[in-house]
Amino acid sequence: MRDVVLDPFLPPFLFPALCRKSPFDACILIELLRELHPATVIELGALAGGSALFIADQLKALSISPSHVYSIDNSVERLHPNALRAQLTHNLSFVPADARDLGAILTDEFMAQLPHPILVLEDAHVNVVGVLQWFDRHLHAGDYVIIEDTVDTQKANAVSHFLSLQPTGKYAVDAHLCDYFGPNACWCPNSFLRRMRD
């Protein structure tokens, strides 16, 4: 893993609902959406729903279609009314589920019918290695996983542990994204992972 050079502390911004992304991370995410054209986005950790709404709005603005955003959280009562209403106008669904038992909602059958490329954003801060191992069974070459907030040592260690369990070359850190504004100048250092092979 490369050294973390910058740990920016930037406040959350208000979209029409609270979105806890630094401006750097928001710009990098838009760049990834533009490059990847994900058909499916799965976000773990909805909070108020602002991040999922931001992603769905960017997909719409970039004319990336068909695409759908699934935002998963075990506390959907925290969702902002604007985020809930956006399900009517955007390809966006908020799904109540626990990151410790993803298979209860995201069944193998459901995952098998999802179109690729898939972008997974882990921002639940629960069972990180287990979540990454669970999604590993369902991702294909070209799919992406972003593990957010790996400026936190515990999360960074979880990512390192997950990668140590994988065959060499199965995943690669996308340095273009991590270093978009300078070496690891984001809240997800070394955590924009591209699946390189099935």
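Counting of residues starts from 1 at the beginning of each chain's written sequence and follows it residue by residue. Reporting in this predicted model follows two pLDDT cut-offs: at least 70 for local features of residues, and 80 or more for side-chain atom pairs to be given and counted; totals over whole chains, interfaces and linings ignore these cut-offs and use all residues. For side-chain calculations, the full set of non-hydrogen atoms in the structure is used, while hydrogens and water are omitted.

Focus on the packing of helix H1 (residues 23-36) against helix H2 (residues 50-61)
Phase 1: The contact between H1 and H2 brings their axes to 10 Å, and the two run at 45 degrees. As judged from the angle between their axes, H1 and H2 are oblique. Crossing angle aside, the handedness with which H1 passes H2 is right-handed. Across the interface between the two elements, Ala-26, Leu-29, Ile-30 and Leu-33 of H1 pack against Phe-54, Ile-55, Gln-58 and Leu-59 of H2.
Phase 2: Taken together, the residues of the contact of H1 with H2 sort by class into seven nonpolar, one polar and no charged. What counts as an axis is a line fitted to C-alpha atoms, over the stretch in contact for a helix, and the angles between N-to-C directions run from 0 to 180 degrees. In this description a helix means any DSSP run of H or I spanning at least four residues, a strand means any run of E spanning at least two, and both kinds are numbered starting from the N terminus. Between 65 and 115 degrees an angle is taken as roughly perpendicular, under 35 as roughly parallel, over 145 as roughly antiparallel, and anywhere else as oblique. Handedness of each helix crossing follows the sense of rotation of the near helix against the far helix: counterclockwise by less than a right angle gives left-handed, clockwise gives right-handed. Note on contacts: a residue pair qualifies if any of its non-hydrogen atoms lie within 4.5 Å across the two residues. Lys, Arg, Asp and Glu make up the charged group, whereas Ala, Val, Leu, Ile, Met, Phe, Trp, Tyr, Cys and Pro make up the nonpolar group; the residues left over, Gly among them, are polar.

What about the packing of helix H5 (residues 128-136) against helix H6 (residues 153-164)?
Phase 1: Where H5 contacts H6, the axes come no closer than 9 Å and their chain directions differ by 40 degrees. Note on packing geometry: the crossing formed by H5 with H6 is right-handed. Judged by residue contacts, Val-128, Val-129, Leu-132, Gln-133 and Asp-136 of H5 engage Lys-155, Ala-158, His-161 and Phe-162 from H6.
Phase 2: Here the residues of the contact of H5 with H6 are counted per class, giving five nonpolar, two polar and two charged.

Side note on the confidence of the model for the protein chain
Phase 1: Summing up the model confidence of the protein chain, the mean pLDDT is 89 and the portion of residues at 70 or higher is 91%.
Phase 2: Counting interchain partners and residues more than four positions distant, the pLDDT-below-50 stretch residues 1-14 has 36 contacts. Every residue carries a pLDDT, the predictor's confidence in it, which falls somewhere between 0 and 100.

Looking at H6
Phase 1: Here the expected span of a helix is defined as 1.5 Å times the quantity of residues minus one. Over its twelve residues, H6 extends 16 Å from the first C-alpha to the last, a length consistent with the 16 Å expected when each residue adds 1.5 Å.
Phase 2: What H6 keeps buried is the set Lys-155, Ala-158, Val-159 and Phe-162. Taken end-on, H6 shows its buried residues confined to a sector of 100 degrees, consistent with a single buried face. For H6, exposure combined with an orientation more than 90 degrees from the buried face picks out Thr-153 and Ser-164.
Phase 3: Against the buried residues of H6 lie strand S6 (118-122), H5, strand S7 (144-147), strand S8 (171-173) and strand S9 (192-195).
Phase 4: Polar contact is the term for a pair of N or O atoms within 3.5 Å; when the atoms are in protein, one must be able to donate a hydrogen and the other to accept it, and sequence-neighboring residues count only if both atoms are side-chain atoms. Put simply, Asp-152 is the residue that caps the front of H6, since its side-chain oxygen is 3.1 Å from the backbone nitrogen of Gln-154. Exposure classes here rest on a 1.4 Å probe applied to the protein chains alone. A residue is buried below 20% of its type maximum, exposed above 50%, and partly exposed in between. Comment: arc refers to directions from the helix axis out to C-beta atoms.

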